[in-house]
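# Analysis of the macromolecular model
Next come the chains, spelled out residue by residue.
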Amino acid sequence: MHTFDEVAGYLDDIVDALPGYIPQSLPGGIFLIPEAKPHPSLPFPQYMVLGEYIRDPLGAHIHVYYNSVMAKYADASVKDIQEALREVILHEFRHHFEFRAGCRDLDIEDQQFVADAKERL
């Protein structure tokens, strides 16, 4: 099991390794949230939200849900959880850049994932 502080450090390292314009484009920053987040339309705990791109009055920001990540990757090696977190961060930044560009490709991919998951259930 990776502690909250360890995961926060992994996230810091991932963000620090990105080209500077990427994190600078997100004025609200990236937050590690302690809770697990149930998926809004799929059964919990089988499906949880690992990360989320949020636009609200405070600005654009990314949440990574620690207990959601731990439910899926608790026994993962440091290398494997770092790669999983990197994928979450890049996915959410893609939402950010696509929103800014007026593109919905990733939103459509995410909707298709949900539809496919519902069909498998």
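All of these numbers come straight from a predicted model, not from anything done at the bench. (Residues numbered from 1 in each chain as written. Predicted model: local features only at pLDDT ≥ 70, side-chain atom pairs only at ≥ 80, totals over all residues. Heavy atoms only, no water.)

Quick look at the pattern of salt bridges now. Scanning the model with the defined rule gives five salt bridges in all. With its nearest N and O atoms 3.0 Å apart, the salt bridge here joins Glu-109 to Arg-94. Within this pair, whereas Glu-109 is found in helix H5 (residues 105-120), its partner Arg-94 is found in helix H4 (residues 78-101), the two being separated by 15 residues in sequence. Judged by relative accessible area, which is 42%, Glu-109 ranks as partly exposed. Look at Arg-94 and you get partly exposed, because its relative accessible area is 32%. Among the charged side chains, a network of salt bridges with common partners joins Arg-94, Glu-98 and Glu-109. (Salt bridge = Lys/Arg side-chain N within 4 Å of Asp/Glu carboxyl O. Helix = DSSP H or I, 4+ residues; strand = E, 2+ residues; numbered from the N terminus. Buried < 20%, exposed > 50% of the residue type's maximum accessible area, 1.4 Å probe, protein only.)

So, about the packing of aromatic side chains. For the structure shown, the criterion picks out three aromatic pairs. Judged by centre distance (5.3 Å) and plane angle (65 degrees), the rings of Phe-4 and Tyr-66 are edge-to-face. Separated by 62 residues along the polypeptide, Phe-4 in helix H1 (residues 4-17) and Tyr-66 in helix H3 (residues 66-73) bring together distant segments of the chain. Its relative accessible area of 29% is what places Phe-4 among the partly exposed residues. The cationic tip of Arg-55 hangs over the ring face of Phe-99; the distance from NZ or CZ to the ring centre is 3.8 Å. (Phe/Tyr/Trp six-rings, centres within 6.5 Å; stacked < 30°, edge-to-face > 60°. Lys NZ or Arg CZ within 6 Å of the ring centre and 35° of its normal.)

Side chains on a regular strand alternate between the two faces of the sheet. Counting buried positions over the seven residues of strand E5 (residues 59-65) gives seven, a clear majority of the element. The sheet contact formed by strand E4 (residues 51-56) and E5 spans six bridges and is antiparallel. Opposite Glu-52, over in E5, you have His-63 as the bridge partner. Where E4 folds back onto E5 in an antiparallel hairpin, the turn is made up of two residues. (Pairing = 2+ DSSP bridges.)

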